[in-house]
Amino acid sequence: MFSTVTRATSRAGFKLGTVGGSRAALSIGTARKMAKEAPANGRRVVAEAGPTTYAALEARLNLSFGDHGVMEQVCTHKSYAQGRVEHNERLEWIGKRALNLFVGEHLIATYPNLSTEALQDVQHSSFGMSSLAEVGRHFGMQAAMRWEPVSREAPAVGLTKVLGKAVQALVGAIYQRQGVAAARSFVKQHVLSRPVDVEAVMQIKNPKVMLVALTRQKGMEYPVARILKETGRFTSSPVFIVGVFCATKMVGMGFGSSLKMAEHRAAKDALLKHYAKEIKDISVTGDEPDVSLFAQDVAV
Amino acid sequence: MATYRLPKVLNEVIRSHRDQFIRPVQPKNGVGAFVFPCRKLVFNYCERSGSSKSMMEYLQKEATRFASENPQIEVVVQPRPSKHPIVRAFYTNGEQKTKCVRRCSAGEIPEVIKSLRDHSGHKLHRWNRYVISDTPSVRGIYSPFHDKAVYSISDLKTK
């Protein structure tokens, strides 16, 4: 998108509106209007986001809402102008629920052995507010946000939450205007494609105890640790590689500078191999006309 | 699932403070979808000075076409009196780059703009490694030149 500021008296990027039917938008301002725009306390005005910003943001994300005001609404927090302009709260409400549904579907299909508590933690850490805020920054939404910070002295405080809400609102806008398939495809491309760290979420305090309990539950033999390789046992820097075996099958392997530490890591490895087991190719593709992940026999 | 759980109260306390330990996942541009890094280009010129002549020519002739060919970039034209003409690029990672085009002829300005547009926004960095990986191996990247095993084409034959 294209916009022009022809007056030199202010540095503000003043955008009046669009002229002409082409995608390039031309806008012209006059000196008097510039003076009205500039604040009285003489602070240098940084160019505020205008219609061209939102049109560019739409194009960058390969979206095309019919109405140009949608993107502006998505990027407007209710703190802006005391909530008198159209803001993104309702879009954020529905978008958050749609986003959590798509993320939940993906997680439940990808990690079959994870407990719901751990799934919740994964969703919170990898797809929660701070991660969504990173997604928003990646889109370049930070420059397009319209909001009022809580305190003037620290204007960046609160931006993470506002950005995260804006991304949720964006998903909501796509969901409402373009349907479920388009929303899922958008979430899959931009949010679900990022790496998920399951190990950080699982708090494994005592892996040997947990492994004994797990093997008992699964009806496997009692786990036994055996040295696979070692070097430098009586030196200052020994290395032990230990495997944990249930009968003849090795379930986990770990290294350490002491036998105890190697055993600890081997047990942890065994637990992660089980609980964080990932199904790589789950049957959710972006161009399926199905409404739900689980609707396998819906006619195309 | 048999999980070793801490006493309920302590568990709740730890989980309620879990926000502190979140490390947000960094996006990787190109994985899943590609977001064009250059989000805004600002063209500054001076109406009266001679150094802005080729810049003004570009603005009058080619700028609109450039803007319509790149809908993902917000193009802003702004007069900056008594200063040399510059092109300022803003990127999605928060960085910006400025290039002064006072000595550029009319044909060189589109090249400057193209190089700013195609830049990723990351600062120039010297990478001292051949491969940068999220999952580095202790023994390094595989090299067939340092592998003793001899492979033959007949190994690829499937029955």
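Parameters at a glance
Residues numbered from 1 in each chain as written. Chains lettered and ligands numbered in written order. Predicted model: local features only at pLDDT ≥ 70, side-chain atom pairs only at ≥ 80, totals over all residues. Heavy atoms only, no water. Helix = DSSP H or I, 4+ residues; strand = E, 2+ residues; numbered from the N terminus. Buried < 20%, exposed > 50% of the residue type's maximum accessible area, 1.4 Å probe, protein only. Phe/Tyr/Trp six-rings, centres within 6.5 Å; stacked < 30°, edge-to-face > 60°. Lys NZ or Arg CZ within 6 Å of the ring centre and 35° of its normal. Pairing = 2+ DSSP bridges. Axes fitted to C-alpha atoms, helices over the stretch in contact; angles between N-to-C directions. Core = buried A, V, L, I, M, F, W, Y, C linked by side-chain atoms within 4.5 Å. Contact = heavy atoms within 4.5 Å. Patch = residues over 30% accessible without salt bridge, like charges linked within 9 Å, V, L, I, M, F, W, Y side chains within 5 Å. Areas by Shrake-Rupley, 256 points an atom, 1.4 Å probe, with all protein chains shown as cover. Salt bridge = Lys/Arg side-chain N within 4 Å of Asp/Glu carboxyl O. UniProt positions renumbered as here; feature names shortened; annotations may be inferred. Expected span 1.5 Å × (residues − 1). Parallel < 35°, antiparallel > 145°, perpendicular 65-115°, else oblique. Left-handed = near helix turned anticlockwise from the far one by under 90°. Nonpolar A, V, L, I, M, F, W, Y, C, P; charged D, E, K, R; others polar.

A. Highlighting unusual backbone geometry. Residue and element names in this part refer to chain A. Not every positive phi belongs to a glycine, and Gln82 is a case in point at roughly 50°. Mapped onto the fold, Gln82 is located in the loop between helix H3 (69–74) and helix H4 (89–110). Judged by its relative accessible area of 60%, Gln82 falls in the exposed class. Despite not being glycine, Ala247 has its phi angle at roughly 60°, a positive value.

B. Quick look at the packing of aromatic side chains. Under the criterion given, the structure shown has three aromatic pairs over all chains. Residues Phe139 of chain A and Phe186 of chain A carry aromatic rings whose centres are separated by 6.0 Å and whose planes lie at 55° to one another, so their mutual orientation is tilted. Remark: Phe186 of chain A occurs in helix H8 (residues 180–190) and Phe139 of chain A occurs in helix H6 (residues 129–139); sequence separation between them is 47 residues. Side by side, Phe139 of chain A and Phe186 of chain A carry an identical accessibility label, which is buried. Centre to centre, the rings of Phe34 of chain B and Phe36 of chain B are 6.3 Å apart; their planes meet at 80°, and the pair counts as edge-to-face. Taking the relative accessible area as the measure of exposure, Phe34 of chain B reaches 48% and is therefore partly exposed. Geometry around Phe255 of chain A places Arg265 of chain A over its ring, the cationic atom sitting 4.4 Å from the centre. Positioned over the ring face of Phe90 of chain B is Lys40 of chain B, at 5.4 Å from the centre of the ring.

C. Structural context of the sheet that holds strand S2 (residues 223–231) of chain A. Residue and element names in this part refer to chain A. Strand order in the open sheet formed by three strands is S2-S3-S4, and the pairing between neighbours is antiparallel. The two strands at the open ends of the sheet, each matched to only one other strand, are S2 and strand S4 (249–256). Taking the axes of each pair of neighbouring strands and ignoring which way they run, one obtains an average angle of 25° across the sheet. When strand S3 (residues 239–246) meets S4, the two strands line up antiparallel, connected through seven bridges. In the strand pairing of S4, Val244 is matched with Gly252.

D. How the structure looks around the nonpolar core. Core analysis: the largest hydrophobic core is formed by 65 residues, its most contacted members being Leu61, Leu114, Phe139, Met141 and Leu170 of chain A. The element best represented in this core is helix H7 (residues 159–178) of chain A, accounting for 10 residues. If near-sequence neighbours (up to four positions away) are discounted, Phe139 of chain A is found in contact with Leu57, Arg60, Leu61, Leu170, Phe186 and His190 of chain A together with Val35 and Thr92 of chain B. If you look at the next biggest cluster of nonpolar residues, it comprises 23 residues, including Phe43, Ala67, Val75 and Val77 of chain B.

E. Structural context of a nonpolar patch on the surface. All names here are of chain A. A cluster of nonpolar side chains, namely Leu228, Met250 and Met253, defines an oily patch on the protein surface of about 250 Å² accessible area. The topology assignment puts Met253 in strand S4. A relative accessible area of 42% means that Met253 is categorised as partly exposed.

F. Structural detail: the UniProt feature "domain: DRBM" (unreviewed entry) in chain A. The UniProt entry lists residues 206–276 of chain A under the feature "domain: DRBM" (unreviewed entry), expressed in the numbering used here. The straight-line gap between the two end C-alpha atoms of residues 206–276 of chain A is 17 Å; of that span, 41% is helix and 35% is strand.

G. Region of the structure containing the UniProt feature "domain: RNase III" (unreviewed entry) in chain A. Residues given the UniProt feature "domain: RNase III" (unreviewed entry) here are residues 54–179 of chain A. With 62% helix and 0% strand, the stretch residues 54–179 of chain A has end C-alpha atoms that lie 21 Å from each other.

H. Spotlight on H4 of chain A. Residue and element names in this part refer to chain A. An ideal rise of 1.5 Å per residue puts 32 Å on 22 residues; H4 measures up with 31 Å between its terminal C-alpha atoms. Those residues of H4 that sit buried are Leu91, Glu92, Gly95, Ala98, Leu99, Phe102, Val103, Glu105, Leu107 and Thr110. Where H4 is buried, its residues meet H3, helix H5 (116–127), H6, H7 and H8.

I. Summary view of the packing of helix H9 (residues 207–218) of chain A against helix H10 (residues 259–275) of chain A. Residues and elements named next belong to chain A. Close contact between H9 and H10 brings their axes to 8 Å; oriented N to C, the two are set at 45°. Relative to H10, H9 is oriented oblique. H9 and H10 meet at a crossing whose hand is left-handed. Counting all contacts with H9, which are made through Pro207, Lys208, Met210, Leu211, Leu214 and Lys218, the residues of H10 involved are Glu263, His264, Ala267, Lys268, Ala270, Leu271, His274 and Tyr275. Its residues assigned to classes, the contact of H9 with H10 shows eight nonpolar, two polar and four charged.

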